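Structural overview for review
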Amino acid sequence: MATLTEKEQQNRETALRVAEELWNKRDYGIVDTEYDPLIEMHTFSEPDAIVGAQAVKDFAQKYHDAFSDFHVELYDLLAVDDHVYARYHMTGTHDGTLVTPSGDIPPTHRKMDTWGLVESRFEGGLCVEEWNSTDQMTLMRQLGVVPE
C-alpha cells in the first residue's frame, strides 16, 4: 500500500470531516472553512452546477429538511494527488418535503437507503470542485415516486 503524501492525507481527512460535520451533524459552518468560496458541485439531482459556499449549504439543508435523520458514511476513500474518491452510503426517513428541480415531493415517511460515489478536487487545502453521483432511481423508488 502506497504511503500518502501530507497533502493527500490532509485532503482525505477533510473529506471525512465534511461528511461527519456537514452531512451528519449539520454544521454548515464547515463549508466556510473546508470549501473554496467559489466551490463548484455537480450532482445527478440538480440540472446545473451548485456554485458557491452558500449554494452548497442550501443543497445540504434541502436534504436535512427532507430527511430529519439523514446520515452518510464514506467507504473506500482514496486520496490521489489533489483528488479524493469515495463510495458513500446514505440513509434517512423522508419526513419533510424534498425540493427537487422537477417538483416538490411531500413527506412519504418511507426509509431511504442508497449509495453513491463522490470525487472531490482540492487546491490549497480547500475543496474547489465536487462530483456526486447518488443512485437517484433507487432513492425515488424507495420514496414511492417512481414504479418499483
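Heads up: the structure comes first, above all this text.
Below or above, wherever it landed, is the structure these notes cover. Everything quoted here is computed from the prediction, not taken from an experiment.

1. Brief notes about the overall build of the protein
Within the protein, the secondary structure is distributed over four helices and six strands. The helix and strand sequence of the protein, counted from the amino end, reads α-α-β-β-α-β-β-β-β-α. Computed over the C-alpha atoms, the radius of gyration of the protein is 15 Å, within 12% of the 15 Å expected from 2.2 N^0.38 for a compact globule of 148 residues. Judged by the C-alpha coordinates and their principal axes, the protein covers about 45 × 35 × 25 Å. Burial analysis of the protein (148 residues in total) assigns 44% to the buried set. Here the analysis covers contacts within the protein between residues at least 6 apart in sequence; of these, 55% occur between residues at least 24 apart. About 7800 Å² of surface is accessible on the protein, with carbon and sulfur atoms providing 53% of the total.

2. With respect to the nonpolar core
Ranked by size, the top nonpolar core spans 36 residues in total, and within it Leu22, Trp23, Phe67, Phe70 and Leu98 carry the most contacts. Residues within four places of Leu98 in sequence aside, it is in contact with Lys62, Tyr63, Ala66, Phe67, Gly103, Asp104, Ile105, Met140 and Leu143.

3. A closer look at the sheet that holds strand β2 (residues 50–51)
Whether parallel or antiparallel, the strands of a sheet pair through hydrogen bonds between backbone atoms. In space, the six strands of this open sheet follow the order β2-β1-β6-β5-β4-β3, with mixed pairing throughout. Looking along the sheet, the strands with just one partner apiece sit at the ends: β2 and β3 (71–80). Of the strand pairs in this sheet, strand β5 (residues 111–123) and strand β6 (residues 126–134) are connected by eight bridges, and their pairing is antiparallel. Its bridge partner lying in β6, Glu119 is registered against Trp131. Here helix α3 (residues 53–66) sits on the sheet and contacts β1 (35–43), β2 and β4 (83–93); the angle it forms with β1, its principal contact strand, is near 50 degrees.

4. Some details on the pattern of salt bridges
A complete count under the given rule lists eight salt bridges for this structure. Across the salt bridge formed by Glu123 and Arg121, the nearest N and O atoms sit 2.7 Å from each other. Where salt bridges share partners, they join Arg121, Glu123 and Glu129 into one cluster.

5. Considerations on the pairing of β5
Residues of β5 alternate between two faces, with Met112, Thr114, Gly116, Val118, Ser120 and Phe122 buried on one and Lys111, Asp113, Trp115, Leu117, Glu119, Arg121 and Glu123 left unburied on the opposite face. Bridge analysis of β4 against β5 gives eleven bridges, and the strand direction is antiparallel. Within the sheet, the bridge partner assigned to Thr93 lies in β5 and is Lys111. Two successive antiparallel strands, β5 and β6, enclose a turn made up of two residues, where Gly124 displays a positive phi of approximately 60 degrees.

6. What to know about α3
End to end, α3 covers 20 Å across 14 residues, agreeing with the expected 20 Å (1.5 Å per residue, within 8%). Looking at α3, one finds that the buried residues are Ala53, Val56, Lys57, Phe59, Ala60, Lys62, Tyr63, His64 and Ala66. Of the surrounding elements, those touching the buried residues of α3 are α1 (6–24), α2 (30–34), β1, β2, β4 and α4 (136–142).

7. Side note on unusual backbone geometry
Comment: phi is negative for the bulk of residues other than glycine, and the bulk of peptide bonds are trans. We note that Arg26 has phi near 60 degrees; this positive angle belongs to a residue other than glycine. In this structure, Asp76 takes a positive phi of about 55 degrees despite not being glycine. Along the chain, the position of Asp76 falls in strand β3. Take Asp76: its relative accessible area is 56%, and that puts it in the exposed class.

Scoring rules and cut-offs
- All residue numbers here refer to positions counted from 1 along the written sequence of the relevant chain.
- Confidence filtering applies because this is a predicted model: local features only for residues at pLDDT of at least 70, side-chain atom pairs given and counted only at 80 or more, and all residues used for totals across whole chains, interfaces and linings.
- For side-chain calculations, the full set of non-hydrogen atoms in the structure is used, while hydrogens and water are omitted.
- By definition, any uninterrupted DSSP run of H or I lasting at least four residues is a helix, any uninterrupted run of E lasting at least two residues is a strand, and each is numbered from the N terminus.
- For this measure, only C-alpha atoms enter the radius of gyration; the expected value for a globule follows 2.2 Å times N^0.38, where N is the number of residues.
- Partly exposed describes any residue whose relative accessible area lies between the buried limit of under 20% and the exposed limit of over 50%, with all areas from a 1.4 Å probe on protein chains only and scaled to the type maximum.
- A contact between two residues is defined here by any heavy atoms of the two lying within 4.5 Å.
- Method for areas: the Shrake-Rupley scheme with a 1.4 Å probe, in which residue coverage is limited to the protein chains shown.
- What is meant by a nonpolar core is a set of buried Ala, Val, Leu, Ile, Met, Phe, Trp, Tyr and Cys residues, joined one to another through side-chain atoms within 4.5 Å.
- Two strands qualify as a pair provided that DSSP identifies no fewer than 2 bridges between them.
- Lines fitted to C-alpha atoms define the axes here, with helix axes fitted over just the stretch in contact, and angles between the N-to-C directions of these axes take values from 0 to 180 degrees.
- Salt bridge, as used here, is a side-chain nitrogen of Lys or Arg placed within 4 Å of a carboxyl oxygen of Asp or Glu.
- Under the convention used throughout, the expected extent of a helix is 1.5 Å for every residue step, that is, one less than its residue count.

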